[in-house]
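Residues per chain, in single letters:
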Amino acid sequence: MKENKHQISIYVILVAIFIGFSFFSCTEQVEKDLTGFWVVDEMYIHNEDVKRAFLSNGLDINKDHSCRLPIIEISDRRTDKEFGKWSFSKKDGKVYFTIESPNNLFKGTYLIKSIGKIPGGRNEGEYYFRMTLVNDSTEIYCSKVNWAVPYDALK
């Protein structure tokens, strides 16, 4: 009986290690996919195109979980509205991206509806790396700046 309990304990520990490894491996890949310099190609708030109002359309997502956001007012340059903190979470098999910032256009939590490579570019084997973020009022369509490189270079 003691030997059976010992085998069960070992089994439980191995399962816990496997689950932990799977979570951290997946977490590492999500962070790797998210970080980098993105271009906001399109952005809609309540179905209204707001991208035309941006002074610039770069969204810089850094490994240290800071980010630089597009702004619409020149007076917002080099202020808290140009910067924020980002995080992601998982719930019910979905991944959510959160931006904390005084920048009302971008702050909030978004479902990462899609993220990944899409064939394209000037040469065979090159890809766009695209991401779609959505919440109740906002849709954001982004492309990674280094789009015209072989996909392996993005890893």
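In this text, all values refer to a predicted model and were calculated from it rather than measured experimentally. (Residues numbered from 1 in each chain as written. Predicted model: local features only at pLDDT ≥ 70, side-chain atom pairs only at ≥ 80, totals over all residues. Heavy atoms only, no water.)

Considerations on the packing of aromatic side chains
Thought 1: Counting across every chain of the model gives four aromatic pairs.
Thought 2: Taking the centre distance of 6.5 Å and the plane angle of 75 degrees together, the rings of Tyr44 and Tyr141 count as edge-to-face. Placement of Tyr44 in strand 1 (residues 36-45) and of Tyr141 in strand 9 (residues 138-144) is noted, with a sequence separation of 97 residues between them.
Thought 3: Judged by relative accessible area, Tyr44 falls into the partly exposed class, the value being 23%. (Phe/Tyr/Trp six-rings, centres within 6.5 Å; stacked < 30°, edge-to-face > 60°. Helix = DSSP H or I, 4+ residues; strand = E, 2+ residues; numbered from the N terminus. Buried < 20%, exposed > 50% of the residue type's maximum accessible area, 1.4 Å probe, protein only.)

With respect to the nonpolar core
Thought 1: Membership of the largest hydrophobic core comes to 25 residues, with the highest contact counts inside it found for Leu34, Val40, Met43, Phe97, Phe106, Met131 and Ile140.
Thought 2: At the level of elements, helix 1 (2-34), strand 1, strand 3 (58-61), strand 5 (83-91), strand 6 (94-100), strand 7 (108-119), strand 8 (126-134) and strand 9 are the ones that each hand at least two residues to this core.
Thought 3: Here this core takes four residues from strand 1, the largest share from any one element.
Thought 4: Beyond its immediate sequence surroundings of up to four residues, Val40 is in contact with Lys51, Phe54, Asn57, Leu59, Pro70, Phe106, Ile140, Tyr141 and Cys142. (Core = buried A, V, L, I, M, F, W, Y, C linked by side-chain atoms within 4.5 Å. Contact = heavy atoms within 4.5 Å.)

Some details on the pattern of salt bridges
Thought 1: A full pass over the atoms with the stated rule returns two salt bridges.
Thought 2: Across the salt bridge formed by Arg130 and Asp41, the nearest N and O atoms sit 3.1 Å from each other. Taken together, the positions of Arg130 in strand 8 and Asp41 in strand 1 put the pair 89 residues apart, joining distant regions of the chain.
Thought 3: Judged by its relative accessible area of 25%, Asp41 is partly exposed.
Thought 4: Taking the shortest distance from any N to any O, the salt bridge between Arg68 and Glu82 comes out at 3.1 Å. Residue Arg68 is found in strand 4 (residues 66-68), and its partner Glu82 is found in the loop between strand 4 and strand 5; the two are separated by 14 residues along the sequence. (Salt bridge = Lys/Arg side-chain N within 4 Å of Asp/Glu carboxyl O.)

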